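Each chain, letter by letter, is given below.
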Amino acid sequence: MEYTNEVKNMCKVTCGANHGCAPIPSEGKWVYSKEIKDINGLTHGIGWCAPQQGACKLTLNVKEGIIQEALVETIGCSGMTHSAAMAAEAIVGKTLLEALNTDLVCDAINTAMRELFLQIVYGRTQSAFSEGGLTIGAGLEDLGKGLRSQVGTSYATLEKGPRYLELTEGYITKMALDANNEIIGYQYLSLGKFTDFLKKGIPAEEALEKAKGQYGRFDEGVKYIDPRHE
């Protein structure tokens, strides 16, 4: 190690204050994290790209510094879905430091990885106070039955008003309006259920009806519209 002449000519003074690092909460324990293997936890983070055209929600489950589970959800950019596929493969099995410095293909996913790194190493994980942490596979619980991301898409113009296109229940097929043309409910199609019914051999028309549901005062509607075509 090289030193400048100024440093070489200094007299030595002992560094007396050395109390070590502060402990962080990690899966129900207080841990003095000095090495990457000291890090455990499951957490979520959000990332975005430079033009802010799309966003990524990343969920990681880390055990002894190694990423054991990753859930990559993206929105707003068609290319990000392919990036997510590659990132999911590239990220598991790596240490946090390796993943932080791995090109995860998309800036939004890279940014999400950065945000998660900060949460995890500072002890701000979702499972910080859960004894033993969360089992591998807990990330899938975010998706619920049918293993689909929780997606919401609404659109509105001042001239024509709001349109619900997709909400957490599913693809919106009809909106119910009252006498004032205000939305009072909607009908939806659960695409996950619909696909599962088709896989079981149920005819498409029957599967379509079985996968539909409604929310709010849908039956009281004075008028029903297709949010995509009316």
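Residues numbered from 1 in each chain as written. Predicted model: local features only at pLDDT ≥ 70, side-chain atom pairs only at ≥ 80, totals over all residues. Heavy atoms only, no water.

**A short note on the overall build of the protein chain**
Test applied: By definition, any uninterrupted DSSP run of H or I lasting at least four residues is a helix, any uninterrupted run of E lasting at least two residues is a strand, and each is numbered from the N terminus. Three exposure classes are used, based on accessible area relative to the maximum for each residue type with a 1.4 Å probe and protein chains only: buried under 20%, partly exposed in between, and exposed over 50%. Here, Shrake-Rupley sampling with a 1.4 Å probe gives the accessible areas, and only protein chains in the shown set may cover a residue. A positive count includes Lys and Arg, and a negative count includes Asp and Glu. His and the chain ends are not counted in either. Charged groups are reduced to one reference atom each: NZ for lysine, CZ for arginine, CG for aspartic acid, CD for glutamic acid.
Summing up its helical and strand segments, the protein chain has six helices and eleven strands in all. By its C-alpha atoms, the protein chain is 90 × 40 × 30 Å across when sized along the principal axes. The burial tally for the protein chain puts 37% of its 230 residues in the buried class. Counting only carbon and sulfur atoms, one obtains 53% of the accessible surface of the protein chain, whose full area is about 14,700 Å². Here the protein chain contributes 23 positive and 29 negative side-chain charges, whose respective centroids are spaced 1 Å apart.

**Focus: the pattern of salt bridges**
Which entries qualify depends on this criterion: Only one rule defines a salt bridge in this text: a Lys or Arg side-chain nitrogen within 4 Å of an Asp or Glu carboxyl oxygen.
For the structure shown, the criterion picks out eight salt bridges. In this structure, D142 and K57 form a salt bridge, with 2.9 Å as the shortest nitrogen-oxygen distance. You can see D142 sitting in the loop between α4 (107-121) and β6 (153-157) and its partner K57 sitting in strand β4 (residues 55-63), a full 85 residues away along the chain. Salt-bridge contacts for R148 lead to E166; the nearest nitrogen and oxygen are separated by 3.3 Å. Of this pair, R148 sits in the loop between α4 and β6 while E166 sits in strand β7 (residues 161-167), and the two are 18 residues apart along the sequence. Since its relative accessible area comes to 36%, R148 is described here as partly exposed. Connected through salt bridges with shared partners, the residues K57, E73 and D142 form a single ionic network.

**With respect to α4**
This is how the line gets drawn: Given a helix with a known number of residues, its expected span is that number minus one, times 1.5 Å.
The terminal C-alpha atoms of α4 lie 21 Å apart, and with 15 residues this matches the ideal 21 Å at 1.5 Å per residue to within 8%. Where α4 is concerned, the buried positions are A108, I109, T111, A112, M113, L116, F117 and I120. Positive phi shows up at G123, right after α4, with a value of about 75°.

**Observations regarding the sheet that holds strand β3 (residues 41-48)**
Rules: One requirement defines pairing of two strands: DSSP has to find at least two bridges between them. Every angle, taken between N-to-C directions, lies between 0 and 180 degrees, and every axis is a line fitted to C-alpha atoms, over only the stretch in contact when it is a helix. Residue contacts are counted whenever heavy atoms from the two residues lie within 4.5 Å of one another.
Judged by pairing direction, the sheet is antiparallel, and its three strands sit side by side in the order β3-β4-β5 without closing on themselves. Each edge of the open sheet is held by one strand with a lone partner, namely β3 and β5 (66-75). Direction aside, neighbouring strands of the sheet carry axes that sit 15° apart on average. Running at roughly 140° to β3, α4 makes contact with β3, β4 and β5 of the sheet.

**Digging into the nonpolar core**
Selection rule: In this text, buried Ala, Val, Leu, Ile, Met, Phe, Trp, Tyr and Cys residues form a nonpolar core when linked through side-chain atoms within 4.5 Å.
If you look at the biggest cluster of nonpolar residues, it comprises 24 residues, and the most contacted ones within it are L58 and M113. When residues of this core are traced back to their parent elements, those giving at least two are β4, β5, α2 (78-91), α3 (96-100) and α4. Excluding residues within four positions of it along the chain, M113 makes contact with L58, L60, I67, I91, L96, A99, L100 and L104. Membership of the second largest hydrophobic core comes to seven residues, among which are M175, L177, Y186 and I225.

**With respect to the layout of surface pockets**
The cut-off we apply is this: Points on a 1 Å grid, built from protein atoms alone, make a cavity when a 1.4 Å probe fits but cannot get out and make a pocket when they are open with protein on both sides within 12 Å along at least 5 of 7 lines; residues with an atom within 4 Å of a point are the lining residues. Grid points are joined across faces, edges and corners, and a volume is the space filled by probe spheres set on the points. The nonpolar class holds Ala, Val, Leu, Ile, Met, Phe, Trp, Tyr, Cys and Pro. Asp, Glu, Lys and Arg form the charged class, and all remaining residues, Gly among them, are polar.
Empty space within the largest pocket amounts to approximately 360 Å³. Lining the largest pocket we find 21 residues, and of these K145, E169, S190, G192 and K193 sit closest to its centre. Residue contributions to the lining of the largest pocket peak at five residues, all from helix α5 (residues 191-199). The residue inventory of the lining of the largest pocket, partitioned by class, reads six nonpolar, eight polar and seven charged.

**Comments concerning the pairing of β6**
Along β6, only zero of the five residues are buried, which leaves the element largely exposed. The turn joining β6 and β7, which pair antiparallel and follow one another in sequence, is formed by three residues.

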